[in-house]
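Fold and contact review
Here is what each chain is made of, one letter per residue.
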Amino acid sequence: MARTRRIHLINPKADTFATRPLFFGKALYSPVAGLLAIAALIPEHDYEIILTDENIEAIDFDLTVDMVGISSMTSYVNRGYEIADTFRARGVPVIMGGVHVSYLPQEALKHADAVVVGEAELIMDKVLEDLLHGRLNGIYKAENLHSMIDMPKPRQGLLKSNRYINKGFVQTSRGCHHGCTFCAEPTMYGLRFRYRPIEDLIAEIEHIEERVILLNDADFFGTPSRAIEVMRAFKGRGLKWQAAVNSRDAKDERLLELAGESGCFMLSIGFESISKQTLRNVHKCQNDPESYHELVEKLHRYGIMVLGLFMFGFEGDEPTVFDETLKFNIDAKFDMCGYSLLTPYPGTINWFEMMRRKQIVSFDWDKYDQSHIVFKPAGLSADQFYRGYLNTYDGFYTLPSMLQRFPWDGSRNRANWAIYNAFFRKGGVVTRDPDQLIARPTPEPEFAAMPPLMPQKAAWRELVMGATGEAGG
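Structure report, in brief.

Criteria and thresholds
Residues numbered from 1 in each chain as written. Predicted model: local features only at pLDDT ≥ 70, side-chain atom pairs only at ≥ 80, totals over all residues. Heavy atoms only, no water. Axes fitted to C-alpha atoms, helices over the stretch in contact; angles between N-to-C directions. Helix = DSSP H or I, 4+ residues; strand = E, 2+ residues; numbered from the N terminus. Parallel < 35°, antiparallel > 145°, perpendicular 65-115°, else oblique. Left-handed = near helix turned anticlockwise from the far one by under 90°. Contact = heavy atoms within 4.5 Å. Salt bridge = Lys/Arg side-chain N within 4 Å of Asp/Glu carboxyl O. Buried < 20%, exposed > 50% of the residue type's maximum accessible area, 1.4 Å probe, protein only. Pairing = 2+ DSSP bridges. Arc of directions from axis to C-beta. Phe/Tyr/Trp six-rings, centres within 6.5 Å; stacked < 30°, edge-to-face > 60°. Lys NZ or Arg CZ within 6 Å of the ring centre and 35° of its normal. Disulfide = S-S within 2.5 Å.

The next thing to look at is the packing of helix α8 (residues 224-234) against helix α9 (residues 253-262). At their nearest, the axes of α8 and α9 sit 9 Å apart, and the two run at 20° to each other. Regarding the angle of α8 to α9, the classification is roughly parallel. The hand of the α8/α9 crossing is left-handed. Counting all contacts with α8, which are made through P224, A227, I228, M231, R232 and F234, the residues of α9 involved are R254, L255, L258, A259 and S262.

Right under this line is the structure:
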């Protein structure tokens, strides 16, 4: 009897507070939604799928498998390369995918037999056919973006659900029309939204059997009429859900009323900065700092927690930005805040701008986690940068701050509030050692980053083409 063919899908250890088991052996979020979607593209009758999330379990390198698939973001791609090298040394073919290798496929091909650039849905059949015939090799990239119609349901049964607080990820759309310079979304998935049919979303939610849902979209409120349609379909299903939205449309009373009625308990919003000029500089023009305080109050009235995302290190940031941001966040009673250091991810507009200015110091991908300093900020010394970042994080999650921000009036779920604040307070800072936090200088990477999709703005296309010497596609 022929041996059952096996594919081993692996998510390398990321070592972030959101994916590290911090309380009772559980991590706050499952990072393998993408791999569950990939598993759904592989015929069950042809292959047995083994899924390993290295954040919660060890990798079995002795498994007999026909192929290993590794998904990596920049901050843990080096670990992905180590895993790939180990399996290839045993003669096992390896294919890699994810955001980082989509921008630097030639780098990944030094460690893997093949790389998926961008979305996998339209080229997975070709990958499997080549694997079957022993010719898995090179770069696989679909000619078009997927319509998101008739997408197979993710293989939720592969997930070790008892190891995560949040694991019910559902993607309702891809793309984002904002085009922020520090974000990979526009050149990975496009500036136009693509939507899944409502009936497909509901069928998937029923399939995964999770009542707490995380909408895995870049901007769920990006097209208000579409968000209304989805939320109406959610009503009456006993769901509790959270999503990322933009600050402009989050003011819309119609959206907030429906959000509250359909079970929304938290919205994460990229506020980024309390400086209007800084926001204009990074093409985040939908944000208005003067309305932040009012917006938080409005969301609280609808029983919705606010996770405010703020970033430091922008051009124009001065030493006062840390204390000013901290005071603003506490006074406005943000439920949680995620503070990050500006990181020029390879292939983003921010990356190309900093490369042109010779501003990037370190190309050690392990440090590209938004918690290390990898470039020379214009208005801050490295010492001011890391001390300001740590003081802001510590200050927001002190007990006096938490007591001031706690939902004493019962407007938001107190248990949820306490759980999220506990995770952020315990694990939000990766390291406090300045020798670790300030990345050491390294040589430039061997290969130039290239976006899967060229930016639409003419000046940005010229910037990319000038750095890569290619016209792109």
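Looking now at the pattern of salt bridges. For the coordinates displayed, the defined rule picks out 25 salt bridges. Two residues, E44 and R155, come together in a salt bridge whose shortest N-O distance is 4.0 Å. Separated by 111 residues along the polypeptide, E44 in the loop between α1 (33-40) and β3 (47-53) and R155 in the loop between β7 (138-141) and β8 (164-166) bring together distant segments of the chain. Put simply, R135 and D130 hold a salt bridge, and the shortest N to O gap is 2.8 Å. Accessibility expressed as a relative area gives 39% for R135, which makes it partly exposed. On the accessibility criterion, D130 (5% relative accessible area) is buried.

Moving on: the sheet that holds strand β5 (residues 94-97). Here six strands make up an open sheet; going across it, the order is β3-β1-β4-β5-β6-β7 and the pairing parallel. A strand with exactly one partner marks an edge of an open sheet, and here the two such strands are β3 and β7. Taken over all neighbouring pairs, the strand axes of this sheet differ in orientation by 20° on average, direction set aside. In the sheet, strand β1 (residues 5-11) pairs with β3 via seven bridges, with the strands oriented parallel. Each bridged residue has a counterpart across the sheet, and for R6 the counterpart in β3 is E48. In the packing of helix α2 (residues 77-89) onto the sheet, contacts are made with β1, β4 (67-71) and β5, and the angle to β5 comes to roughly 165°.

Strand pairing in a sheet takes place through backbone hydrogen bonds and is either antiparallel or parallel in direction. With parallel pairing, six strands are arranged side by side in an open sheet as β9-β12-β13-β14-β15-β16. Two strands in the sheet have a free side with no partner beyond their single neighbour: β9 (169-170) and β16 (336-341). Helix-sheet contacts for helix α12 (residues 321-331) involve β15 (305-312) and β16, and the interaxial angle to β15 is about 175°.

Positioned with a positive phi, F24 is a non-glycine residue whose angle comes to about 55°. On the secondary structure map, F24 appears in the loop between β1 and β2 (27-29). F24 gets classed as exposed once you look at its relative accessible area, which sits at 82%.

A few words on the pairing of β1. Every other side chain in a regular strand lies on the same face of the sheet, so the side chains alternate between the two faces. Within β1, five of the seven residues are buried, which leaves it mostly tucked inside the rest of the structure. Alignment of β1 against β4, held across four bridges, turns out to be parallel. Residue pairing across strands places I10 opposite I70, the latter belonging to β4.

Right, let's get into α9. Among the residues of α9, those classed as buried are L255, L256, L258, A259 and S262. For α9, the angular spread of the buried residues around the axis is 165°, confining them to a single face. Where α9 is buried, its residues touch α8, β13 (240-245), β14 (264-272) and α11 (292-301). G263 sits one or two positions beyond α9 and adopts a positive phi of about 110°.

This brings us to the packing of aromatic side chains. The full count for this structure, using the stated rule, is 30 aromatic pairs. Above the face of the Y47 ring, R5 is positioned so that its terminal group lies 4.7 Å from the ring centre. Here the basic side chain of K426 rests over the ring of F23, its NZ or CZ set 4.6 Å away from the ring centre.

On to the state of the cysteines, then. The final tally for this structure, using the stated rule, is zero disulfides. Distance from the sulfur of C180, which forms no disulfide, to the nearest cysteine sulfur (C183) is 6.2 Å. Judged by its relative accessible area of 9%, C180 is buried. Classification of C183 by relative accessible area gives partly exposed; the value is 33%.

Tracing the chain through its elements places A243 in strand β13. For A243, a relative accessible area of 4% gives the class buried. When the C-alpha positions of A243 and L215 are compared, they lie 5.0 Å apart, and in sequence the two are 28 residues distant.

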